[in-house]
Amino acid sequence: FDHRDFLNFEQEIHDCAAAASTESLEGPRFLDLGCAPGGFAACLLQDHMLGPMSVGYGVSLPPQLGGFQMAVTTSRLCVQFEDLLQINSCDLMC
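Just so you know, these numbers come straight off a predicted model, no measurement behind them.

> Where do I start with the side chain of S54 in this structure?
Secondary-structure assignment places S54 in the loop between α2 (39-44) and β2 (55-60). For S54, a relative accessible area of 0% translates into the label buried. At a separation of 2.8 Å, a polar atom in the side chain of S54 contacts the main-chain carbonyl oxygen of G51. A polar contact is formed between the side chain of S54 and the side chain of R76, at a distance of 2.7 Å. When near neighbours in sequence (up to four residues on either side) are disregarded, S54 contacts P28, L44, L45 and R76.

> Looking at this structure, I do not really get the sheet that holds strand β3 (residues 77-81). What am I missing?
Neighbouring strands of a sheet are bound in pairs by backbone hydrogen bonds; such pairs are parallel or else antiparallel. Read across the open sheet, the 3 strands follow the order β1-β2-β3; overall the sheet is parallel. Edge positions in the sheet fall to β1 (29-33) and β3, since each of these pairs with one other strand and no more. Each strand axis lies, on average, 15° off the axis of its neighbour in the sheet, ignoring direction. Summarising the sheet, β1 and β2 pair through 5 bridges and their orientation is parallel. Bridged to R29 within β2 is V55.

> Please explain unusual backbone geometry as it appears in this structure.
Backbone phi values are negative for most residues with the exception of glycine, while trans is the configuration of most peptide bonds. For the bond from A36 to P37, the omega torsion is 15°, close enough to zero to count as cis. Along the chain, P37 falls in the loop between β1 and α2.

Conventions and cut-offs
- Residues numbered from 1 in each chain as written.
- Predicted model: local features only at pLDDT ≥ 70, side-chain atom pairs only at ≥ 80, totals over all residues.
- Heavy atoms only, no water.
- Helix = DSSP H or I, 4+ residues; strand = E, 2+ residues; numbered from the N terminus.
- Buried < 20%, exposed > 50% of the residue type's maximum accessible area, 1.4 Å probe, protein only.
- Polar contact = N/O pair within 3.5 Å; in protein donor to acceptor, adjacent residues only side chain to side chain.
- Contact = heavy atoms within 4.5 Å.
- Pairing = 2+ DSSP bridges.
- Axes fitted to C-alpha atoms, helices over the stretch in contact; angles between N-to-C directions.

These figures capture arrangement, not role.
Following this line, the structure appears as structure tokens:
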């Protein structure tokens, strides 16, 4: 079991986002693989985490194939329901 110190997790995310935002005019962006039901993305999209201009992209298994429904909906998170083991990289929308 690999233990990770989560006490500084929020600060690590914030520092990474701040570094990335200098390269992007739109704001910080993130990719969430296996994103449903959306709790982690919802956490990152809080204004005090990555900022109000942050956006996310998620890929998750469709519910009809055994995946979860999204519990979080926001215009700042785009979700593509696909089987990651079957999709080609050129078919990803991000």
